[in-house]
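# Results of the structural survey
Now for the letters of each chain:
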Amino acid sequence: MKISVIGTGYVGLVTGTCLAETGNEVLCIDIDKDKVKQMQEGIVPIYEPQLDVLFERNIKANRLWFSTSLEEGLNHGEIIFLALPTPEDEDGSADLSYVLGAAKEIGKLIKDYKVIVDKSTVPVGTSDKVKETIAKETNVAFDVVSNPEFLREGFAVEDFLKPERIVIGSSSERATQLMEKLYKPFVRSGNPIIIMDEKSAELTKYAANSFLATKITFMNEIANFCEKVGADVDMVRIGMGTDSRIGKRFLFPGIGYGGSCFPKDVKALHKSGKDHNYHFNILNSVIKVNDVQKKVLIPRIASYFNQNLKDKTFAVWGLAFKPETDDIREAPALYIIEELLKLGATINVFDPEALPNVKRKFGQQLNYASNMYEATKNADALIICTEWSIFRTPDFNKLKSNLNQPVIFDGRNLYDIKDVKAEGFYYNSIGRQAVG
Ligand code: NAD
């Protein structure tokens, strides 16, 4: 099939590349000229495991192309995916200007029947808005389908190739059949393609992300309470998670959820509720708790150093909002860094993939280390913000000799308390007693 994908970010580029992998001819469109030039030269503009291999293979096989021309995209694809940003607007709602702007242009350019597929995360009712916007510009027949994306950054290719489910919101038999044909190769193991109306599909995505953010937040509150009463959140987590009704995943406490999706999606659903006269009390609490949790380490660090961080240097390990990505959008590490800078501290940072993005944001304000140990040299404490695998079994002797004093603040509970204590460190983590 001939497919066009408008917007080649984390979702669009993975969608385009994976659809080419099953034999489709895919043209990816992006407004960012530099990005398109890079991709035309065979360079993957983002870090996502396995993507480079598929990207190269499908370009070589002449199934994957890139352009800045929306017109070319409209001429090429019979199915047109919108994988455009829906960032948080000032009032917490999802900013639909990218999606509706593209819809207007599509209305002007469309010449024959197309299925316009909304893959962006959008509030209930957006599919109707996209239809209206296109229809204002043209009399050509088209259908709009809502096809929310559930991939996880860091596992995006794997998730796209082997999805647990595919949700299609459609009221057109013709469009539904095309979508089922397109996705059939991805569900050979029997996972479902769930067909529903557009509004339910749109809400499914927000409900899923908000539920997961709530699960994390609930556990963060349990962790905070553990510290008050002397319980160990790791034990509580294991005790709870073995109940199959609860499940083991998304129960790890930490310094709050971040990323390009959870923060904005929870806020957008909350705002969507308000717009329809429904107050999501639970989401209101999730937003508030997470805002506090992102900075939960700051008062501890300040207190350890007698409220004076001016002449202190900190090593920060992990800057991406989670491991296996270079995405730093809403990463908790950034909030911690900003607070420490305000308090006058000097900061050395290291992340396996996210340093270029952090450099673009903070410039000369930080010292960028080329490896994890270099960041710790002459630092007064190590702060861990992202649970990259390489941080899990460090050489504690090396750490001890690099740091001015053996102090670790761990926002991701990477180490066994007893082990770190035995190594002679002061160790402060989440939902467990500080030791050392
Ligand atoms: P992104 O910011 O990484 O990428 C968006 C791309 O769209 C950019 O390359 C940008 O240059 C391009 N763009 C902007 N305006 C354009 C235009 N008019 N024409 C062509 N290209 C244009 O965004 P993303 O993370 O891929 O997210 C896209 C959507 O998917 C969002 O709604 C997001 O909520 C949703 N989503 C994201 C994830 C994720 O893990 N990142 C997962 C599921 C759903």
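As shown above, the structure is provided for reference.
Residues take numbers from 1 onward in each chain, read along the sequence in its written order. Given that this is a predicted model, residues contribute local features only at a pLDDT of at least 70 and side-chain atom pairs are listed and counted only at 80 or more, while totals for whole chains, interfaces and linings are drawn from all residues. To obtain the side-chain values, all non-hydrogen atoms of the structure were used and water was disregarded.

## Description of helix 5 (residues 97–109)
- In a regular helix each residue adds 1.5 Å, so 13 residues correspond to 18 Å; helix 5 covers 18 Å between its end C-alpha atoms and thus fits that length.
- We call two residues in contact whenever any of their non-hydrogen atoms come within 4.5 Å of each other. Each helix corresponds to a stretch of at least 4 residues labelled H or I by DSSP, and each strand to a stretch of at least 2 residues labelled E; elements are numbered beginning at the N terminus. Packed against the buried residues of helix 5 are helix 4 (70–76), strand 4 (79–82), strand 5 (114–118) and helix 6 (126–137). Multiplying 1.5 Å by the residue count of a helix minus one yields the expected span of that helix.

## Focus on the site of the ligand
- Whether a residue is near a molecule or strand depends on its heavy atoms: if one lies within 4 Å, it is near. Taken together, 25 residues form the shell around the ligand, and within it Asp30, Lys35, Thr86, Glu153 and Lys264 come nearest.
- Between Thr121 and the ligand, the recorded distance is 2.9 Å, taken from a backbone N or O atom to an oxygen atom.
- In the model, an oxygen atom of the ligand is placed 2.6 Å from a nitrogen or oxygen of the Lys264 side chain.
- The Shrake-Rupley method, run with a 1.4 Å probe, gives the accessible areas here. Residue values count only the displayed protein chains as cover. Burial of the ligand by the protein amounts to 87% of the accessible area it has alone, namely 830 Å².
- As a working rule, the residues Ala, Val, Leu, Ile, Met, Phe, Trp, Tyr, Cys and Pro are called nonpolar, Asp, Glu, Lys and Arg charged, and the rest polar, with Gly in that last group. Of the residues that constitute the shell around the ligand, the class distribution is 10 nonpolar, seven polar and eight charged. Polar contacts, as used here, are pairs of N or O atoms within 3.5 Å; protein pairs need one atom able to donate a hydrogen and one able to accept it. Residues neighboring in sequence count only if both atoms are side-chain atoms.

## Concerning the layout of surface pockets
- There is about 180 Å³ of room inside the second largest pocket.
- Lining of the second largest pocket is provided by Ser93, Ala94, Leu96, Pro123, Val124, Thr126, Lys129, Ala268, Lys271, Ser272, Asp275 and His276.
- Considering each element in turn, the lining of the second largest pocket owes the most residues, four residues, to helix 11 (residues 262–275).
- Residue composition of the lining of the second largest pocket, grouped by class: five nonpolar, four polar and three charged.
- Either an automatic procedure or a domain database provided the assignment from which the domain bounds are taken. No fewer than three residues from each of domain 1 (2–196) and domain 2 (205–293) sit in the lining of the second largest pocket. Cavities and pockets were defined on a 1 Å grid built from protein atoms only: a cavity is a group of points that admits a 1.4 Å probe but offers it no way out, a pocket is an open group of points flanked by protein on both sides within 12 Å along at least five of seven lines, and a lining residue is one with an atom within 4 Å of any such point. Grid points are joined across faces, edges and corners, and a volume is the space filled by probe spheres set on the points.

## Some details on the packing of helix 9 (residues 198–229) against helix 10 (residues 233–241)
- The convention used is that axes are lines fitted to C-alpha atoms, helices contributing only their stretch in contact, and that angles between N-to-C directions extend from 0 to 180 degrees. Orientation of helix 9 relative to helix 10, taken along the N-to-C sense of each, is 135 degrees, at an axis distance of 9 Å. Taken together, the axis directions place helix 9 and helix 10 in an arrangement best described as oblique. Considering how the two elements wind past one another, helix 9 and helix 10 form a crossing that is right-handed. Residues Phe218, Met219, Ile222, Ala223 and Cys226 of helix 9 lie in contact with helix 10, whose contacting residues are Val233, Val236, Arg237 and Met240.
- Classifying every residue of the contact of helix 9 with helix 10 gives eight nonpolar, no polar and one charged. Each angle receives one of four descriptions, namely roughly parallel if under 35 degrees, roughly antiparallel if over 145, roughly perpendicular if within 65 to 115, and oblique otherwise. Handedness of a crossing is defined here by the sense of rotation of the near helix relative to the far one, left-handed for an anticlockwise turn of less than a right angle and right-handed for a clockwise turn.

## Overview of the pairing of strand 12 (residues 381–384)
- Burial along strand 12 is two-sided: the residues Ala381 and Ile383 and Leu382 and Ile384 are all buried.
- Two strands pair when backbone bridges link them, and strand 9 (residues 313–317) and strand 12 are joined in this way by four bridges, in the parallel orientation. By the bridge assignment, Phe314 is partnered in strand 12 with Ala381.
- Here a strand pair is declared whenever DSSP counts at least two bridges between the two strands. Bridge count for strand 12 against strand 13 (residues 407–410) is three bridges, and the pairing is parallel. Within strand 13, the position partnered with Ile384 by the bridge is Asp410. Burial classification: accessible surface area is computed with a 1.4 Å probe over protein chains only, and a residue below 20% of its type maximum counts as buried, one above 50% as exposed, and the rest as partly exposed.

Structural measurements only, silent on function.
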